[in-house]
Amino acid sequence: MAAGLGTGTLATGEAISIRSIRRLACNAGHLPVVLGGESMPVDVGKSRRRFTRHQSHALAVLHDTCGIAGCERPFAWCELHHLTEWSKGGPTDLANALPLCGHHHRKAHDPAYEMRRHRGREYVLKKIRR
Ligand SMILES: [Zn+2]
Ligand SMILES: [Zn+2]
C-alpha cells in the first residue's frame, strides 16, 4: 500500500489495483477491501473523509464541469477529489475539493502526472518528465 504497488481484493473477490483503490477511497471514503499480502484496512474511522451532500451542492455552484481546464464533462458525472490527499492531512472541506471526471481523476492519482493550478478554479495535469 505504501509503495503504491500490487493489488487488493474487493469484498466481491474482484481483483483491483492499489491505484484504483486509492481513487475509489478518495471518492467514497471507505471500501470493504482486503489487501493481498499485508492485510490492512484502507480506511478506519475517518468518517469525515467523504464530502457531504451540502459541500457537493456548494461545489456545483462553483464548477459546471470537471475542474481540469478545457474538460467539458458535466459536474454531475464528476467525482470529488481531495486536492491534498486525505492521507497527507488534506481536510474534507470545500477549499480542498475539486470535481474531476473519471478520466482526469485517474490521472490525478497517477504519480506520472502533476496537478497545477491553471487560473481561477481550473487546474491542469502535466506529465512529469523523468
Ligand atoms: Zn481523488
Ligand atoms: Zn475531466
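Per an unreviewed UniProt entry, the protein goes by HNH nuclease domain-containing protein and derives from Nocardioides aquaticus.

What follows concerns the pairing of strand β4 (residues 79–82). Along a regular strand, successive side chains alternate from one face of the sheet to the other. Because side chains alternate across β4, one face comprises the buried residues E79 and H81, and the other comprises L80 and H82, equally buried. Bridge count for β4 against strand β5 (residues 97–100) is 4 bridges, and the pairing is antiparallel. The partner of L80 across the bridge, within β5, is P99.

On to the coordination of the zinc ion (ligand 2). Taken together, C66 (SG), C71 (SG), C101 (SG) and H104 (ND1) make up the protein donors of the zinc ion (ligand 2), found 2.0 to 2.3 Å from the metal. Coordination at the zinc ion (ligand 2) is tetrahedral, judged from the 4 donor atoms that bind it and the angles of 101 to 116 degrees they form at the metal. For the zinc ion (ligand 2), all donor residues lie on one chain, and their spacing in sequence is C-x4-C-x29-C-x2-H. Of the two residues, C71 is situated in the loop between α2 (53–62) and β4 and H104 in helix α3 (residues 102–108); the sequence distance between them amounts to 33 residues. Judged by relative accessible area, H104 falls into the buried class, the value being 13%.

As a further point, take the pattern of salt bridges. Evaluated as defined, the whole model comprises 3 salt bridges. E85 is the salt-bridge partner of K88, the closest N and O atoms lying 3.8 Å from each other. Residue classification places E85 among the partly exposed positions, given a relative accessible area of 26%. For R116, the salt bridge goes to E114, with nearest N and O atoms at 2.8 Å.

With 11 residues, the main nonpolar core is built from C66, I68, C71, C78, L98, L100, C101, A112, Y113, Y123 and L125. Sorting the residues of this core by element identifies β5 and β7 (123–127) as the ones contributing at least two each. Not counting the four nearest positions on each side in its chain, L98 is found in contact with L59, H63, G67, E79, L80, H81, L83, M115, R121 and Y123.

Parameters and conventions
- Here the residue numbers are simple positions, counted from 1 along each chain's written sequence.
- Each chain gets a letter, beginning with A, and each ligand a number, beginning with 1, in the order they are written.
- Predicted model: local features are reported for residues with pLDDT of at least 70 only, side-chain atom pairs are reported and counted for 80 or more only, and whole-chain, interface and lining totals are derived from all residues.
- In computing side-chain values, all of the structure's heavy atoms are included and hydrogens and water are not.
- Burial classification: accessible surface area is computed with a 1.4 Å probe over protein chains only, and a residue below 20% of its type maximum counts as buried, one above 50% as exposed, and the rest as partly exposed.
- Strands are runs of DSSP state E lasting at least two residues, helices are runs of H or I lasting at least four, and both sets are numbered from the N terminus onward.
- Two strands are said to pair when DSSP picks up at least two bridges between them.
- Distances define the donors: N, O and S atoms within 2.8 Å of the metal qualify, as do those within 3.2 Å of Na, K or Ca. Water is excluded, so some sites may look unfinished.
- Working rule for geometry: tetrahedral if four donors all subtend angles between 85 and 135 degrees; square planar for four, octahedral for six, if opposite donors exceed 155 degrees and the others stay between 65 and 115; irregular in every other situation.
- Take a side-chain nitrogen of Lys or Arg and a carboxyl oxygen of Asp or Glu: if they are within 4 Å of each other, that pair is a salt bridge.
- Only buried residues count toward a nonpolar core. Its members are Ala, Val, Leu, Ile, Met, Phe, Trp, Tyr and Cys residues joined through side-chain atoms within 4.5 Å.
- Residue contacts are counted whenever heavy atoms from the two residues lie within 4.5 Å of one another.

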